[in-house]
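Inside the fold
Single-letter residue listing:
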Amino acid sequence: MNVLAWNCCGTKSRGFASLVKEISKEHKASFVVLVETHLPGDRARKIINHTGFDSFHLVKFIGQVGVI
C-alpha cells in the first residue's frame, strides 16, 4: 500500500488535478492526502472526481484556522 501525502501549493492552477492524477498513478498510490489546499469545497470535489479515487474525506478550512 502506497500513501502519497502532499503539503501542496498551487492547487488553484489549471493543471493541478491532472498532476495529482498522474503522480498518484506513477506511485501506485492507494491513498492521497492533500494538506493545506485552501480550496473551497466545490473546487476540491472537482479535483477529487478527476483523480478517479472512489472515496474521500474533505475537511473545510475557515480562514487560517486549523492550518498545520
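The structure reproduced in this document is the subject of the present report. Predicted model, so just to flag it, every value in this text is computed and none were measured.

What counts as what
- Sequence order as written defines the numbering, with residues in each chain counted from 1.
- At least 70 in pLDDT is required for a residue's local features to be given in this predicted model, at least 80 for side-chain atom pairs to be given and counted, and no such filter applies to totals for whole chains, interfaces and linings, which use all residues.
- Excluded from the side-chain calculation are hydrogens and water; included are all heavy atoms of the structure.
- Runs of E in the DSSP output that reach at least two residues are strands. Runs of H or I that reach at least four are helices, and both are numbered from the N terminus.
- Our radius of gyration looks at C-alpha atoms and nothing else; its globule reference is 2.2 Å times the residue count to the power 0.38.
- For every residue, the accessible area (1.4 Å probe, protein chains only) is compared with the maximum for its type, and the residue is labelled buried under 20%, exposed over 50%, or partly exposed between those bounds.
- Any pair of residues with heavy atoms lying within 4.5 Å of one another is described as a contacting pair.
- Using the Shrake-Rupley algorithm and a 1.4 Å probe, accessible areas are obtained, with residue cover drawn only from the displayed protein chains.
- His is not counted, nor are the chain ends; Lys and Arg add positive charge and Asp and Glu add negative charge.
- One atom stands in for each charge, and that atom is NZ of Lys, CZ of Arg, CG of Asp or CD of Glu.
- The nonpolar core is taken to be a set of buried Ala, Val, Leu, Ile, Met, Phe, Trp, Tyr and Cys residues, with the residues joined through side-chain atoms within 4.5 Å.
- Throughout, the arc means that of the directions going from the helix axis to the C-beta atoms.
- Two rings belonging to Phe, Tyr or Trp (six-membered ring only in the last case) form a pair when the distance between their centres is within 6.5 Å. Interplanar angles under 30 degrees mark stacking, angles over 60 mark edge-to-face geometry, and anything in between is tilted.

If you tally the helices and strands in the protein chain, you get two helices and two strands. For the protein chain, whose C-alpha radius of gyration is 12 Å, the value lies close to the compact-globule estimate of 11 Å for 68 residues. The burial tally for the protein chain puts 21% of its 68 residues in the buried class. Restricting to contacts in the protein chain with at least 6 residues of sequence separation, those with at least 24 account for 67%. For the protein chain, the accessible surface area stands at approximately 5200 Å², while carbon and sulfur atoms represent 56% of it. In the protein chain, which carries 9 positive and 5 negative side-chain charges, the distance between the mean positions of the two groups comes to 7 Å.

Counting residues in hydrophobic clusters, the biggest one holds seven residues: Cys8, Phe16, Ala17, Val20, Leu39, Ala44 and Ile47. When residues of this core are traced back to their parent elements, those giving at least two are helix 1 (16-26) and helix 2 (41-51). If one sorts the elements of this core by residue count, helix 1 sits on top with three residues. Excluding anything up to four places from it in sequence, isoleucine 47 contacts Thr11, Phe16, Ala17 and Leu39.

Quick look at helix 2 now. Every buried residue belonging to helix 2 is among Gly41, Ala44, Ile47, Ile48 and Thr51, and all of these are buried. Seen end-on, helix 2 carries its buried residues on one side only, within an arc spanning 125°. For helix 2, exposure combined with an orientation more than 90 degrees from the buried face picks out Asp42, Lys46 and Asn49. Among the structural elements, helix 1 are those in contact with the buried residues of helix 2. Count one or two residues on from helix 2 and you reach glycine 52, which has phi positive near 90°.

Summed over all chains, the structure comprises one aromatic pair. Between the aromatic rings of tryptophan 6 and phenylalanine 16, the centroid separation amounts to 5.3 Å while the plane-to-plane angle is 45°, which identifies the pairing as tilted. Placement of tryptophan 6 in strand 1 (residues 2-7) and of phenylalanine 16 in helix 1 is noted, with a sequence separation of ten residues between them. Given a relative accessible area of 23%, tryptophan 6 falls into the partly exposed group.

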